[in-house]
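# What the coordinates show
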Amino acid sequence: MNILVCDDDKEIVQAIEIYLKNEGYNIFEAYNGLEALNVIENEEIHLIIMDIMMPKMDGMTATNKIRDNKNIPIIILSAKSEDMDKIMGLNMGADDYMTKPFNPLELIARVKSQLRRYTSFGSYTKKTGIFRTGGLVVDDERKEVTIDGDIVKLTPLEYKILKELVANAGIVYSIEAIYEKVWNDYAYGAKNTVAVHIRRIREKIEINPKEPKYLKVVWGVGYKVEKYHI
């Protein structure tokens, strides 16, 4: 799931980004309403966290413009606590409202609640051919892999291996199974070939390849991609 965080205070944006990335979400940043509209125009965003008071374009105006053609959930943030600001935000089309300073756990809970409603009852339609676990996304329509929103360049064979493992996250694949699935050939002497490709994939998708978060070895059995909830 992709979340846009829009606030002119970069420290607040960075703090929210840390909390939400730990939950497995992909984060996009904006620092005023105009930047937020640009991100929404060019990226698939599933939820927006929007500050009210910002330069160039405030959160109320941006929310109103977003509502002209999109039904993305919007959580308004504001340093103000007056009821009128809350009412104005909701009237402009916001789905929820939080007053700064806020409890990060409460923000996460509200984010999850809005996303549940959006995916269950809203206009969000999950694309076929998109496989994800945590911040790792394989878009088979675009033949594109991203980690926390950043594109990862893989060779065709690396892509095929990773797609197979991500599409079946949590399932352990033997070396022979990987080779036969990807190379479409009998897996005779495949151990070194598969191991080299796995190592290269790790170097590209893992922050620390020696302590991988996603692509893990199951000693004596094979490899798997860890399954994380979104």
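Data block above holds the structure.
The present account deals with the structure reproduced in this document. Predicted model only: the values in this text are computed from it and were never measured.

## Let's talk about the packing of aromatic side chains
One pass over the full model with this rule turns up 2 aromatic pairs. Over the ring of Tyr31 we find Lys10; its NZ or CZ atom is 5.2 Å from the centre of that ring.

## Quick word on the pattern of salt bridges
Taken as a whole, this structure holds 15 salt bridges when the rule is applied. One salt bridge in this structure joins Glu23 and Lys112, with 2.9 Å as the shortest N-O distance. Residue Glu23 is located in the loop between α1 (10–21) and β2 (26–30), and its partner Lys112 is located in helix α5 (residues 104–121); the two are separated by 89 residues in the primary sequence. In this structure, Lys163 and Asp140 form a salt bridge, with 3.5 Å as the shortest nitrogen-oxygen distance. You can see Lys163 sitting in helix α6 (residues 156–167) and its partner Asp140 sitting in the loop between β7 (136–139) and β8 (144–147), a full 23 residues away along the chain. Taking the relative accessible area as the measure of exposure, Asp140 reaches 19% and is therefore buried. Each member of the salt-bridge network shares a partner with another, and the members are Asp7, Asp51 and Lys100.

## Remarks on the environment of Ser78
Residue placement: Ser78 occurs in strand β4 (residues 74–78). The buried category is assigned to Ser78, whose relative accessible area is 2%. Sequence separation between Ser78 and Met50 is 28 residues, and the spatial gap between their C-alpha atoms is 8.5 Å.

## Let's talk about the sheet that holds β8
Ordered in space as β6-β7-β8-β9, the 4 strands form an open sheet in which the pairing is antiparallel. The sheet terminates laterally at β6 (130–133) and β9 (150–152), the two strands that pair on one side only. With direction set aside, neighbouring strand axes in the sheet form an average angle of 25°. In this sheet, β8 lies alongside β7 in antiparallel orientation, the contact comprising 4 bridges. Counted as the bridge partner of Asp139 is Glu144 from β8. Each of β6, β7 and β8 is contacted by α6, which is oriented at about 115° to β7, the strand it contacts most.

## Some details on the environment of Ala36
Tracing the sequence through the fold places Ala36 in helix α2 (residues 33–42). The class for Ala36 is buried, based on a relative accessible area of 0%. The spacing of Ala36 and Leu4 is 32 residues in sequence and 7.5 Å in space, taken between C-alpha atoms. Leave out the neighbours within four places in its chain, and Ala36 touches Leu4, Cys6, Ala30 and Met50.

## Focus on the nonpolar core
Grouped together as the largest cluster of nonpolar side chains are 26 residues, with contacts concentrated most on Leu136, Leu162, Val194, Ile205 and Val225. The set of elements that each furnish at least two residues to this core consists of β7, β8, α6, α7 (175–182), α8 (191–205) and β11 (222–225). Considering every element that reaches this core, the biggest residue donor is α6, with 5 residues. Counting residues in hydrophobic clusters, the runner-up holds 22 residues, among them Cys6, Phe28, Ile40 and Tyr97.

So, how was this worked out
Residues numbered from 1 in each chain as written. Predicted model: local features only at pLDDT ≥ 70, side-chain atom pairs only at ≥ 80, totals over all residues. Heavy atoms only, no water. Phe/Tyr/Trp six-rings, centres within 6.5 Å; stacked < 30°, edge-to-face > 60°. Lys NZ or Arg CZ within 6 Å of the ring centre and 35° of its normal. Salt bridge = Lys/Arg side-chain N within 4 Å of Asp/Glu carboxyl O. Helix = DSSP H or I, 4+ residues; strand = E, 2+ residues; numbered from the N terminus. Buried < 20%, exposed > 50% of the residue type's maximum accessible area, 1.4 Å probe, protein only. Pairing = 2+ DSSP bridges. Axes fitted to C-alpha atoms, helices over the stretch in contact; angles between N-to-C directions. Contact = heavy atoms within 4.5 Å. Core = buried A, V, L, I, M, F, W, Y, C linked by side-chain atoms within 4.5 Å.

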